[in-house]
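Descriptive structure summary
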Amino acid sequence: MKWPRFFKKENKGVFQVTISYSDIKNAPDYLAISPDGRWKIDIIHNDASSNYILFHDNKRAFSYPQDTFGLRFHKIALSNSGNFCFVYTNWTNENKTCDTSTLYLVSAGQVRRLTLSGFFSSCAISDDGKVGAIKGSTVDHKREVALFSIECGEQIAFFMTDDYKLNDIQKIIPEQKKIILSDQELGYFSFSFSGEIDNGKSYIDAELHKGNLYIVCGRVDKILKFKPTITDTALLEEMLLCVESAHPAQFSDEKCNKKSALSAKIAIFERLKRPTDAYQCASELAGLFPTAANQKKVASLKRRLTP
């Protein structure tokens, strides 16, 4: 089966972990809890060692020595069957060009490790514990999604989401071959295992009306390029309002935000045949960024205003 390009290799080694059934005496603050609340996982420290413990109905079921998994979890996804998955990043390489991560697939006391090239922080598991998924979060891999069988480690599906600003995996529904991807601002959107979105129009509307300024301007640019001769005044006015009301992206630069907004407004005003407004925006943009291209745009619009 073909693996996505971000996988360097597969470690097919499978090793067993110890099993015990002693009762819990003190309920800890758990690292993860299954959707039905019956399975829980946490790390337990003592003088000699530290262990990750999986509990079922408040009884200890599996014990994993800390060095089984490394030092840090990014996110544990725990299912109603007790199967779980998570990503661990080699933090010693975090400042290098190519980080390495490990995806752990844990089923019935067996641990499978898949070595990844890149940084991955979003993973999920289906409620029945049969399918796990991971989403890239580095520049090179942030639009890639891969799904795996938890029990055997085989890849089930892989697709790109280049056109969607969705960073998290919310839910996997194997019986429908669906995966729900989400963004804190844009909301939740369903995709097939082949990568087809269920409602593309709803996603576009979310980008325009809920996205930050960077997302809104990016969507406006795509619409104008896709429809170079657009004459739908209502749509153009709607996009103009979206640009003017969009909130800035977190930690964004005010000057760059101004550039994005002015560039989008110039394009919209030109389509609306409002050269005066386009000229005013272009002049303001050229004042902020006096490049040859911006100066040329100002001159072009000024000629159109001259009788």
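Look up: the structure comes first, before these words.
So, here is what we can say about the structure in this document. (Residues numbered from 1 in each chain as written. Predicted model: local features only at pLDDT ≥ 70, side-chain atom pairs only at ≥ 80, totals over all residues. Heavy atoms only, no water.)

Quick look at the pattern of salt bridges
Inspection of every chain in the model, using the stated rule, returns 12 salt bridges. The closest approach of N and O atoms between K201 and D205, which form a salt bridge, is 3.0 Å. Placement of both K201 and D205 in helix α1 (residues 200-210) is noted, with a separation of four residues, approximately one turn of the helix. D205 sits in the partly exposed class, given a relative accessible area of 29%. In this structure, K297 and E270 form a salt bridge, with 2.9 Å as the shortest nitrogen-oxygen distance. Linking K297 in helix α6 (residues 292-305) with E270 in helix α4 (residues 254-271), this pair joins segments that are 27 residues apart in sequence. Each of E237, R274 and D277 takes part in one network of salt bridges that share partners. (Salt bridge = Lys/Arg side-chain N within 4 Å of Asp/Glu carboxyl O. Helix = DSSP H or I, 4+ residues; strand = E, 2+ residues; numbered from the N terminus. Buried < 20%, exposed > 50% of the residue type's maximum accessible area, 1.4 Å probe, protein only.)

Comments concerning the nonpolar core
Formed by 30 residues in total, the largest nonpolar core has its most connected members in V220, L224, L236, M239, V243 and I268. If you list the elements that add at least two residues to this core, you get α2 (213-226), α3 (233-245), α4, α5 (275-288) and α6. With near-sequence residues (within four places) excluded, L224 lies in contact with I230, L236, M239, A267, I268 and R271. If you look at the next biggest cluster of nonpolar residues, it comprises 21 residues, including A157, L181, F193 and A206. (Core = buried A, V, L, I, M, F, W, Y, C linked by side-chain atoms within 4.5 Å. Contact = heavy atoms within 4.5 Å.)

Overview of the side chain of K265
With respect to the secondary-structure elements, K265 resides in helix α4. Discounting chain neighbours no more than four positions away, the residues touching K265 are L240, V243, E244 and C281.

Examining the packing of aromatic side chains
Counting across every chain of the model gives seven aromatic pairs. Pairing Y30 with F55 gives two aromatic rings, centres 5.9 Å apart and planes at 70 degrees, and the pair type is edge-to-face. With Y30 in the loop between β2 (18-19) and β3 (32-33) and F55 in strand β5 (residues 50-56), this residue pair connects regions lying 25 residues apart in the sequence. Each member of the pair, Y30 together with F55, is buried. The interplanar angle of 20 degrees and the centroid separation of 6.2 Å between the aromatic rings of F159 and F191 together place this pair among those described as stacked. Remark: F191 occurs in strand β17 (residues 187-192) and F159 occurs in strand β14 (residues 155-160); sequence separation between them is 32 residues. Counting every residue linked through ring pairs, the aromatic cluster contains F159, Y164, F189, F191 and Y203. Above the plane of the ring of F289 lies K255, whose end atom (NZ or CZ) is 5.0 Å from the centre. (Phe/Tyr/Trp six-rings, centres within 6.5 Å; stacked < 30°, edge-to-face > 60°. Lys NZ or Arg CZ within 6 Å of the ring centre and 35° of its normal.)

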